[in-house]
Amino acid sequence: MVQELVVAVTAACSASVIYVAAAARVVKQYERGVVFRLGRLTAEVRSPGFTMVVPFVDRLHKVNMQIVTLPIPAQEGITRDNVTVRVDAVVYFRVVDAANAIIQVEDYRFAVSQMAQTSLRSIIGKSDLDDLLSNREKLNQGLELMIDSPAIGWGVQIDRVEIKDVSLPESMKRSMARQAEADRERRARVINADAELQASKKLAEAAGVMSEQPAALQLRLLQTVVAVAAEKNSTLVLPFPVELLRFLERAQSGQQPATTPARPEPRPGGPSPAERQPGVDPVEPPPVQERLGRALGALGLPESFADTDGLGTPDTFGILGEPRVPMEPEGPEDPGNPERFGGAGEFGKDGGDRSGNAQESTEPEAPTG
């Protein structure tokens, strides 16, 4: 009898242990437990920790309450300004009502993913390309509202939606690059024009200051020459302005006393300098030797170059305005050969001599029969 009692107690204890092991459940901190008893939802949602269910009667479904990161596949669409783009995004959501997430929708993850893709294509069709590229924050908010509206009834809350990347065709990328380059070129030209305007005003002021002091212009020229010559990689051709010569001449005249040139003595027999009329009365030229020295000095020739015949008498060659006297031919004259000394064209066909006096032309008498 006692033995039977011990066996019954042991069996009861074993059954109790098996029942407890079958009914015991553990819910993690980031989870919530939804219990279905005979297919019906119990009002109580099991909190994290140890909990008990009726074996073979209750079924416990654990729902993750963590924030889920769900990537949205790239969606291709046409924007409002007829540009084909590919846009991908990411959705951050979490379950706030475990019971509705299990009852209201079959698979809340898949439902949120499909809703996000549909909303993303809708946003692409309603937006311009510039909004997709530069005004993403506004598009993110609109996309979040579109996904969050149906997800509220599923017990899901959308925390954030972000557009990750916008892929453009290569032709559109080149067009946008050219547009950006043109805009930057326009701004660069405006800046250069503004700089030229300011520089022109400063140069006008500088020109006004230099006009008061002519020496400042020469100093500025010398500074420019020094700046160019510092490179030592080019040949410098320096124009010598007449203003600089005048400046040096005035500076030299200020240091040396001015001398009054001696006035030439009046020529005997001619009008006095006071009575001479310009352009009417002749002026006595300087001597021949002085004029010859000046002419040879101007031509860069020595004075001995003028004595070409070796007689010690300078030949003028017409330099001093005097005609050269042809030398007389040596030897007996031959009247029968007029071309020996150049003919009549040498000494003038008019019968005039070198002094300009007219001579009578004599014709040979015709031989008598």
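Residues numbered from 1 in each chain as written. Predicted model: local features only at pLDDT ≥ 70, side-chain atom pairs only at ≥ 80, totals over all residues. Heavy atoms only, no water.

Participant: Help me out: how do you make sense of the overall build of the protein in this one?
Facilitator: The helix and strand tally for the protein stands at 10 helices and eight strands. When contacts within the protein are restricted to residue pairs at least 6 apart in sequence, long-range pairs at least 24 apart make up 59% of them. Total accessible area on the protein stands at roughly 27,700 Å², and carbon and sulfur atoms take up 55% of it. (Helix = DSSP H or I, 4+ residues; strand = E, 2+ residues; numbered from the N terminus. Contact = heavy atoms within 4.5 Å. Areas by Shrake-Rupley, 256 points an atom, 1.4 Å probe, with all protein chains shown as cover.)

Participant: Where do I start with the packing of helix H3 (residues 108-126) against helix H5 (residues 136-151) in this structure?
Facilitator: Packed helices, taken two at a time, are described by the angle between their axes plus the distance between the axes. H5 packs onto H3 with a crossing angle of 140° between their chain directions and a minimal axis gap of 9 Å. By the angle between their axes, H3 is oblique relative to H5. Here H3 and H5 pass one another in a crossing that is right-handed. Contact residues: H3 offers Met115, Ala116, Ser119, Leu120, Ser122 and Ile123, while H5 offers Leu139, Gly142, Leu143, Met146, Ile147 and Pro150. (Axes fitted to C-alpha atoms, helices over the stretch in contact; angles between N-to-C directions. Parallel < 35°, antiparallel > 145°, perpendicular 65-115°, else oblique. Left-handed = near helix turned anticlockwise from the far one by under 90°.)

Participant: What's the story with the sheet that holds strand E2 (residues 31-37) in this structure? I'm lost.
Facilitator: Hydrogen bonds between backbone groups are what pair the strands of a sheet, and the pairing can be parallel or antiparallel. The antiparallel open sheet is built from three strands, whose spatial order is E3-E2-E5. If you trace the sheet from one side to the other, it starts and ends with strand E3 (40-46) and strand E5 (58-64), each paired once. Taken pair by pair, the neighbouring strands of this sheet meet at an average axis angle of 25°, ignoring direction. Bridge count for E2 against E3 is four bridges, and the pairing is antiparallel. Note on E3: the bridge partner recorded for Arg37 is Arg40. (Pairing = 2+ DSSP bridges.)

Participant: Could you clarify how one ought to interpret the sheet that holds strand E6 (residues 68-78) in this entry?
Facilitator: Pairing is antiparallel in the open sheet, where three strands are placed in the order E6-E7-E8. Edge positions in the sheet fall to E6 and strand E8 (156-167), since each of these pairs with one other strand and no more. Strand-to-strand twist in this sheet, taken as the mean axis angle between neighbours without regard to direction, amounts to 25°. Bridge count for E6 against strand E7 (residues 84-95) is nine bridges, and the pairing is antiparallel. The residue bridging Gln75 from the neighbouring strand is Val87, located in E7. Where H3 meets the sheet, its contacts fall on E6, E7 and E8, and the angle it forms with E6 comes to roughly 35°. Against the sheet, H5 engages E7 and E8, with an angle of about 140° to E8.

Participant: Help me understand a nonpolar patch on the surface, please; the structure alone is not making it clear to me.
Facilitator: Together, Tyr19, Val20, Val26, Phe50 and Met52 make up an exposed nonpolar region whose accessible area comes to about 490 Å². Looking at the nonpolar patch, the elements with two or more residues in it are helix H1 (2-23) and strand E4 (49-52). Structurally, Tyr19 is set in helix H1. Given a relative accessible area of 45%, Tyr19 falls into the partly exposed group. (Patch = residues over 30% accessible without salt bridge, like charges linked within 9 Å, V, L, I, M, F, W, Y side chains within 5 Å. Salt bridge = Lys/Arg side-chain N within 4 Å of Asp/Glu carboxyl O. Buried < 20%, exposed > 50% of the residue type's maximum accessible area, 1.4 Å probe, protein only.)

Participant: Help me understand the pattern of salt bridges in this model?
Facilitator: Once their charged atoms are close, side chains differing in charge can pair, the charge on each being opposite to the other. Taken as a whole and assessed by the stated rule, the structure comprises nine salt bridges. Here Arg94 and Asp159 are joined by a salt bridge, their closest N and O atoms 3.7 Å apart. Separated by 65 residues along the polypeptide, Arg94 in strand E7 and Asp159 in strand E8 bring together distant segments of the chain. Residues Arg189 and Glu185 are paired through a salt bridge, measuring 3.5 Å at the closest nitrogen-oxygen approach. Remark: Glu185 and Arg189 occur in helix H6 (residues 170-212); sequence separation between them is four residues, near one turn of the helix. Residue class for Arg189 comes out exposed when judged on its relative accessible area of 59%. A network of salt bridges, in which partner residues are shared, links Asp183, Arg186 and Arg187.

Participant: In this structure, what is going on with the side chain of Thr42? I would like to understand it.
Facilitator: In this structure, Thr42 sits in strand E3. If sequence neighbours within four positions are ignored, Thr42 has contacts with Val35 and Arg37.

Participant: Looking at this structure, I do not really get the side chain of Asp148. What am I missing?
Facilitator: With respect to the element layout, Asp148 can be found in helix H5. One buried charged side chain, Asp148, makes no salt bridge at all; its nearest oppositely charged neighbour is Arg94, positioned 9.9 Å away. Only 3.3 Å separates the side chain of Asp148 from the backbone nitrogen of Ile158, close enough to count as a polar contact. (Lys, Arg positive; Asp, Glu negative; His and termini not counted. Polar contact = N/O pair within 3.5 Å; in protein donor to acceptor, adjacent residues only side chain to side chain.)

Participant: In this structure, what is going on with the nonpolar core? I would like to understand it.
Facilitator: Taken as a class, soluble globular proteins show a tendency for nonpolar side chains to be buried jointly. With 36 residues, the main nonpolar core has Val85, Val91, Phe93, Tyr108, Val112, Val156 and Ile158 as its most contacted residues. Those elements giving two or more residues to this core turn out to be E2, E6, E7, helix H2 (98-103), H3, helix H4 (129-134), H5 and E8. Take this core: its biggest share by element is seven residues, from H3. Apart from residues no more than four positions distant in its own chain, Val91 is found in contact with Val68, Thr69, Leu70, Ile72, Val112, Ala116, Ile147, Ile158, Arg160 and Val161. (Core = buried A, V, L, I, M, F, W, Y, C linked by side-chain atoms within 4.5 Å.)

Participant: Teacher, can you tell me more about the pairing of E2 here?
Facilitator: For a regular strand, side-chain orientation follows a simple rule: the groups alternate between the two sheet faces. With five of its seven residues buried, E2 lies for the most part within the structure. Looking at chain direction, E2 and E5 are connected through seven bridges and run antiparallel. Directly across from Gly33, in E5, lies its bridge partner Lys62. Linking two consecutive strands that pair antiparallel, namely E2 and E3, is a turn of two residues; a positive phi of about 55° is found at Leu38 within it.

Participant: Hey, could you run me through unusual backbone geometry in this one?
Facilitator: Most peptide bonds adopt trans geometry, and most residues besides glycine take a negative phi value. In this structure, Phe56 is a non-glycine residue whose phi angle is positive, near 65°. Turning to its location among the elements, Phe56 is positioned in the loop between E4 and E5. Although it is not a glycine, Asn82 sits at a positive phi angle of roughly 60°. When you line up the elements, Asn82 lands in the loop between E6 and E7. Judged by relative accessible area, Asn82 falls into the exposed class, the value being 67%.

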